[in-house]
Amino acid sequence: MSSLPPRRAQLLLRRPDDWHLHLRDGAALRAVLPFTAARFARAIVMPNLAPPVTSTALALAYRERILGALPAGMRFQPLMTLYLTDHTNAAEIERAHASGAIYGCKLYPAGATTHSDAGVTDVAHLAPALETMMRLDLPLLVHGEASDARVDVFEREAHFIEHILAPLVERYPRLRVVLEHVSSTAGVQFVCAARPGVAATITPQHLMLNRNALFSGGLRPHHYCLPVLKGERDRRSIVEVVAGGNPRFFLGTDSAPHARHSKESACGCAGIFSAHAAIELYAELFEAEGILSRLPAFASEFGPDFYRLARNSEQITLVKEAWSVPSAYAFGEAELVPLRAGETISWRLASEPA
Ligand code: DOR
Ligand code: ZN
């Protein structure tokens, strides 16, 4: 009998990119950035800091802080975004485009989610910005949820699409639009049927979990994000569109770290931290669904193609080897509870940073 250990399955993947990521700032940024940089070459960095990244000058300064927080020897390219407000004007969009560092502008309906208070109260206010973005081919990235408190929380994506997004996509016929973190059958159907230039990102949690995960055995604040997890039919719609290899749908983790005490609270923050195992979680789900062959394009090709950037040329290796996720990571002075805390994940990144 051979004494060699059994050979583990390996998956060689073009280095992926994360097309929707929250990196925060300061100590939180330093805590989470190495996880993303170990896996992804680039990420679209969300601008919902406090105060938000509403100008090119703020975005460029934030970019420098991100690069400054990168551990020595790691490579990572932050693709910056601008936070749209009721007052974003055409000149600011021109500056953003001219900077060469800003890859999209984010529409948060005011009040829809974390740090969206300065967001847009009526998309009519955005007309000059959207005209300019369309002319300069700067994509619009959308948090696609109605912020009207009267709308059922599970219906907010469908409501926003019907009343705001569908008309907007027609009014600006050459504007490229990403429906971020698509979470519902309605969202998937909208993107599939939309004109060219409309795409969506998909998170690990909306692929893996349905809303039962919010209530399994008790209230589970670490499964609370926005858009909130939907029903099983919605989750299956997302899995199935990925299984079909539709290039409009690509990887965006929406990894959104919050300190444990902000989540385990009477009014817990929305956001799931997944950067510690992002590509591994997708690999696990794709394998379980028998669609591992769809992972390379979803993770590493459709996104750069949409953003008209070169695909990465490096590779990463995933190994089929279960590992235990820590119950928490350090997060500045606080703790960060990751997705799958205390459980195992069946794929491991071959070369974690030291
Ligand atoms: O769950 C979420 N967390 N959804 C968002 O839209 C924002 C994000 C955050 O910044 O925490
Ligand atoms: Zn987000």
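Here is a short report on the structure shown in this document. (Residues numbered from 1 in each chain as written. Chains lettered and ligands numbered in written order. Predicted model: local features only at pLDDT ≥ 70, side-chain atom pairs only at ≥ 80, totals over all residues. Heavy atoms only, no water.)

1. Some words on the sheet that holds strand E7 (residues 177–179)
Logical step 1: Read from one edge to the other, the open sheet built from eight strands follows the order E2-E3-E4-E5-E6-E7-E8-E9, with strand pairing classed as parallel. If you trace the sheet from one side to the other, it starts and ends with strand E2 (18–21) and strand E9 (249–251), each paired once. On average, adjacent strands in this sheet sit at an angle of 30° to one another, irrespective of strand direction.
Logical step 2: As defined by bridge partners, strand E4 (residues 77–83) adjoins strand E5 (residues 102–107) across four bridges and the pair is classed as parallel. (Pairing = 2+ DSSP bridges. Helix = DSSP H or I, 4+ residues; strand = E, 2+ residues; numbered from the N terminus. Axes fitted to C-alpha atoms, helices over the stretch in contact; angles between N-to-C directions.)

2. Overview of the coordination of the zinc ion (ligand 2)
Expected angles at a metal are 109.5 degrees for tetrahedral coordination by four donors and either 90 or 180 degrees for octahedral coordination by six donors.
Logical step 1: Every protein donor of the zinc ion (ligand 2) is listed here as His-20 (NE2), His-22 (NE2) and Asp-254 (OD), and their distances to the metal cover 2.0 to 2.1 Å.
Logical step 2: Donor residues for the zinc ion (ligand 2) sit on one chain with the sequence pattern H-x1-H-x231-D. Here His-20 is found in strand E2, whereas its partner Asp-254 is found in the loop between E9 and helix H9 (260–263), with 234 residues between them in sequence. Of the two residues, His-20 and Asp-254, neither departs from the other in class, the shared state being buried. (Donors = N, O, S within 2.8 Å, 3.2 Å for Na, K, Ca; no water. Buried < 20%, exposed > 50% of the residue type's maximum accessible area, 1.4 Å probe, protein only.)

3. Some thoughts on the pattern of salt bridges
Logical step 1: This model, assessed by the stated rule, comprises 22 salt bridges.
Logical step 2: For the salt bridge of Arg-95 with Glu-92, the shortest nitrogen-to-oxygen distance reads 2.8 Å. A residue pair is termed a helical-turn pair when its members lie 3 or 4 positions apart in one helix, as Arg-95 and Glu-92 do in helix H3 (residues 90–99) at three residues.
Logical step 3: Residue Glu-335 pairs with Arg-260 through a salt bridge whose shortest N-O separation is 2.8 Å. Placement of Glu-335 in strand E12 (residues 334–336) and of Arg-260 in helix H9 is noted, with a sequence separation of 75 residues between them.
Logical step 4: Counted as one network, the salt bridges with shared partners bring together Arg-8, Glu-321 and Arg-348. (Salt bridge = Lys/Arg side-chain N within 4 Å of Asp/Glu carboxyl O.)

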